[in-house]
Amino acid sequence: MSIAILLAYLIASILFVLGIKMMNKTKSARQGNRLSALGMLIAIVATLLQIEVISLVEIFGCIVLGSAIGLYYANKVEMTKMPEMVALFNGFGGLASFAVALSDFFLRTEVNMESIELVTVISIIVSVFIGGVTFTGSIVAFLKLNGNISGSPITFKGQHPLNLILFISFLAAATFTVIDQSDPILIIALIVISLILGILTVIPIGGADMPVVISLLNSYSGMAACATGFILNNNVLIVAGSLVGASGIILTQIMCKAMNRSLINVLLGGFGQSVSAA
Amino acid sequence: MSSEALIILIYILVLASFLGFELIAKVPPTLHTPLMSGSNAISGITIVGALLACNEMGYSTLSKWLGMIALVLATINVVGGYTVTDRMLKMFKKK
């Protein structure tokens, strides 16, 4: 990576920090958002500059397609449907980190036939897990707010033990993946479990608590981007990812407080509500 | 990755996380959703990863496709995220 690109990443990181800071106040919020968008543009252009000509056409095609979809829905959506839209976009971001991690994994194991070093393989597993949970969790949050599925908490007996069992199986599959990277069954198990866990953790939460959940999932997608940064050894991904991850948690807490709820209470949503209803 | 390089990455992670904790102060409740939406757009930074995945490492069919899917999704996240946030904040100014 040339020094110019590294400097561009540094400038982008500074703009993200300033942007978030300015978004704390009503007066400067809009300008803050623009500064952070400028940071993103700088990061993208800097990355594009190191891309080889062979893949340029596909890359521009993907960017044009993504921009068209993003612009269309962002302008079309009604103001009252904003939280749903944010949930959906956030889910896409999580899925993108998830796909980048898998892309890297398959390239290294199946094409280069190399054994991936410990830090990288752990980062891939973390990125797949958080990205997968963010994706399906955000989609469930979107469907709940949009009224496609009932906004009331969906609970069933043994939900928490099931989540625990799935999480433990994930850890087991992750351990085996670290030991034996050549077996695709293991990575498929990791993918499936993380996608299921995303659904299971959000369905028991009631529709009224969804904004808090979306804020938490937003924090997760930052962490997924951060893990992707560790896979690719990329500073700007780590800075932006951990900024969003950390500030997202604080914002989630503030939102909980504004609703007079505790975060634990929201996360065990179905649980808490059935108690208060009784 | 050498352990020195790893330590530097961990430094970045830890310091940026502390900064993230400190950046959010007394946010007025009306700004909760725009702030969430704005930081969601920033988490679309994974677009940088997607660009790299499409390119230097994407010479196998499967990884290339995954990279391209990631690029489309991350672009939707970034472009849609910033646009939606701007629309929300534009409404604020009128009030």
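Rules of the game
- Residues numbered from 1 in each chain as written.
- Chains lettered and ligands numbered in written order.
- Predicted model: local features only at pLDDT ≥ 70, side-chain atom pairs only at ≥ 80, totals over all residues.
- Heavy atoms only, no water.
- Helix = DSSP H or I, 4+ residues; strand = E, 2+ residues; numbered from the N terminus.
- Buried < 20%, exposed > 50% of the residue type's maximum accessible area, 1.4 Å probe, protein only.
- Contact = heavy atoms within 4.5 Å.
- Buried area = accessible area lost by both parts, 1.4 Å probe.
- Salt bridge = Lys/Arg side-chain N within 4 Å of Asp/Glu carboxyl O.
- Axes fitted to C-alpha atoms, helices over the stretch in contact; angles between N-to-C directions.
- Parallel < 35°, antiparallel > 145°, perpendicular 65-115°, else oblique.
- Left-handed = near helix turned anticlockwise from the far one by under 90°.
- Expected span 1.5 Å × (residues − 1).
- UniProt positions renumbered as here; feature names shortened; annotations may be inferred.
- Core = buried A, V, L, I, M, F, W, Y, C linked by side-chain atoms within 4.5 Å.
- pLDDT = per-residue confidence, 0-100.
- Disulfide = S-S within 2.5 Å.
- Phe/Tyr/Trp six-rings, centres within 6.5 Å; stacked < 30°, edge-to-face > 60°.

Enquirer: I keep staring at the environment of Gln-159 of chain A and nothing clicks. Help me out?
Expert: Residue and element names in this part refer to chain A. Position of Gln-159 among the secondary structure elements: in helix H6 (residues 159-179). The buried category is assigned to Gln-159, whose relative accessible area is 5%. For the pair Gln-159 and Pro-204, spaced 45 residues apart in sequence, the C-alpha separation works out to 8.9 Å. Those residues in contact with Gln-159 that sit more than four places away from it in its chain are Ile-154, Leu-200, Ile-203 and Pro-204.

Enquirer: Just checking my understanding: could you explain the interface of chain A and chain B for this structure?
Expert: Listed by partner, the interface residues are 92 residues for chain A and 74 residues for chain B. Across the interface of chain A and chain B, roughly 7,500 Å² is buried in total on both sides, 76% from carbon and sulfur atoms. When residues of chain A are sorted by the area they lose upon contact with chain B, Asn-24, Arg-30 and Met-40 of chain A head the list and together hold 9% of the total. Here chain A and chain B share three salt bridges between them. With its nearest N and O atoms 3.0 Å apart, the salt bridge here joins Arg-30 of chain A to Asp-86 of chain B. Listing elements by their share of the side of chain A that touches chain B, those giving two or more residues are helix H1 (3-22), helix H2 (29-49), helix H3 (56-76), helix H4 (82-111), helix H8 (210-232) and helix H9 (235-258) of chain A. Residue contributions to the side of chain A that touches chain B peak at 19 residues, all from H4 of chain A.

Enquirer: Is there a simple way to explain the environment of Leu-73 of chain B in this structure?
Expert: Within the secondary structure, Leu-73 of chain B sits in helix H4 (residues 61-94). Leu-73 of chain B sits 23 residues away from Ala-50 of chain B along the chain, and the two C-alpha atoms are 9.2 Å apart. Other than its neighbours up to four places away in sequence, Leu-73 of chain B contacts Phe-92, Leu-95 and Ala-96 of chain A.

Enquirer: How should I be thinking about the packing of H4 of chain A against H8 of chain A in this particular structure?
Expert: Packed helices, taken two at a time, are described by their axes: the angle between them and the distance between them. Residues and elements named next belong to chain A. Their axes nearest at 9 Å, the elements H4 and H8 cross at an angle of 20°. For the element pair H4 / H8, the angle class is roughly parallel. Here H4 runs over H8; the crossing is left-handed. For the pair H4 and H8, the contacting residues are Pro-83, Val-86, Ala-87, Asn-90, Gly-94, Ser-97, Val-100, Ala-101, Asp-104 and Arg-108 in the first and Ile-214, Leu-217, Asn-218, Ser-221, Ala-224, Ala-225, Thr-228, Ile-231 and Leu-232 in the second.

Enquirer: Explain H4 of chain A here, please?
Expert: Each α-helix turn comprises 3.6 residues. Residues three or four places apart therefore point the same way. With 30 residues, H4 of chain A should reach 44 Å at 1.5 Å per residue; the first-to-last C-alpha distance of 42 Å fits that figure. Count one or two residues on from H4 of chain A and you reach Met-113 of chain A, which has phi positive near 55°.

Enquirer: Please explain the UniProt feature "transmembrane region" (unreviewed entry) in chain B as it appears in this structure.
Expert: All names here are of chain B. Residues annotated in UniProt with the feature "transmembrane region" (unreviewed entry) correspond here to residues 6-25 and 65-85. Between the end C-alpha atoms of residues 6-25 there is a gap of 31 Å, over a span that is 90% helix and 0% strand. With 100% helix and 0% strand, residues 65-85 has its two end C-alpha atoms placed 30 Å apart.

Enquirer: I'm lost on the nonpolar core in this one. Help?
Expert: Among soluble globular proteins, nonpolar side chains are generally buried collectively. Phe-16 of chain A together with Ile-45, Leu-71 and Val-84 of chain B are the most contacted members of the largest nonpolar core, which totals 117 residues. The biggest single contributor to this core is H4 of chain A, with 16 residues. For Phe-16 of chain A, the contacting residues outside a window of four places in its chain are Ser-36, Gly-39, Met-40, Val-236, Ala-240 and Leu-243 of chain A together with Ile-42, Ile-45 and Tyr-82 of chain B.

Enquirer: Mind showing me how you'd approach unusual backbone geometry here?
Expert: Across residues other than glycine, the phi torsion is negative in most instances, and most of the peptide bonds are trans. Residues and elements named next belong to chain A. Positive phi, close to 60°, is recorded for Asn-233, a residue that is not glycine. Structurally, Asn-233 is set in the loop between H8 and H9. Phi is positive for Asn-260, close to 60°, though the residue is something other than glycine. Inspection of the secondary structure puts Asn-260 in the loop between H9 and helix H10 (263-267).

Enquirer: Even after reading the chapter, I still don't get the confidence of the model for chain A, so can you show me in this structure?
Expert: Caution applies to low-pLDDT regions: their predicted coordinates should not be interpreted in detail. When pLDDT is averaged along chain A, the result is 88, and 95% of the positions lie at 70 or above. Counting contacts from residues 270-278 of chain A, a segment whose pLDDT is below 50, to residues more than four positions away or on other chains yields eight contacts.

Enquirer: For this particular structure, what's the right way to read the state of the cysteines?
Expert: Each disulfide consists of one covalent bond between the sulfur atoms belonging to two cysteines. Taken as a whole and assessed by the stated rule, the structure comprises zero disulfides over all chains. Residue Cys-54 of chain B stays outside any disulfide, its sulfur separated by 5.3 Å from that of Cys-62 of chain A, the closest cysteine.

Enquirer: When you look at the packing of aromatic side chains in this model, what are you seeing that I'm missing?
Expert: Following the criterion strictly, the structure yields five aromatic pairs over all chains and no others. Taking 4.6 Å as the distance between ring centres and 50° as the angle between the ring planes, the aromatic pair formed by Phe-129 of chain A and Phe-170 of chain A counts as tilted. A residue pair is termed long-range when its members are at least 10 positions apart, and Phe-129 of chain A in helix H5 (residues 118-146) and Phe-170 of chain A in helix H6 qualify at 41 residues. Taking the centre distance of 6.5 Å and the plane angle of 75° together, the rings of Phe-18 of chain B and Phe-21 of chain B count as edge-to-face. With Phe-18 of chain B and Phe-21 of chain B both in helix H1 (residues 3-23), this residue pair falls three residues apart, about one helical turn. What makes Phe-21 of chain B partly exposed here is its relative accessible area of 33%. Three or more aromatic residues joined by ring pairs form one cluster here, namely Phe-129, Phe-167 and Phe-170 of chain A.

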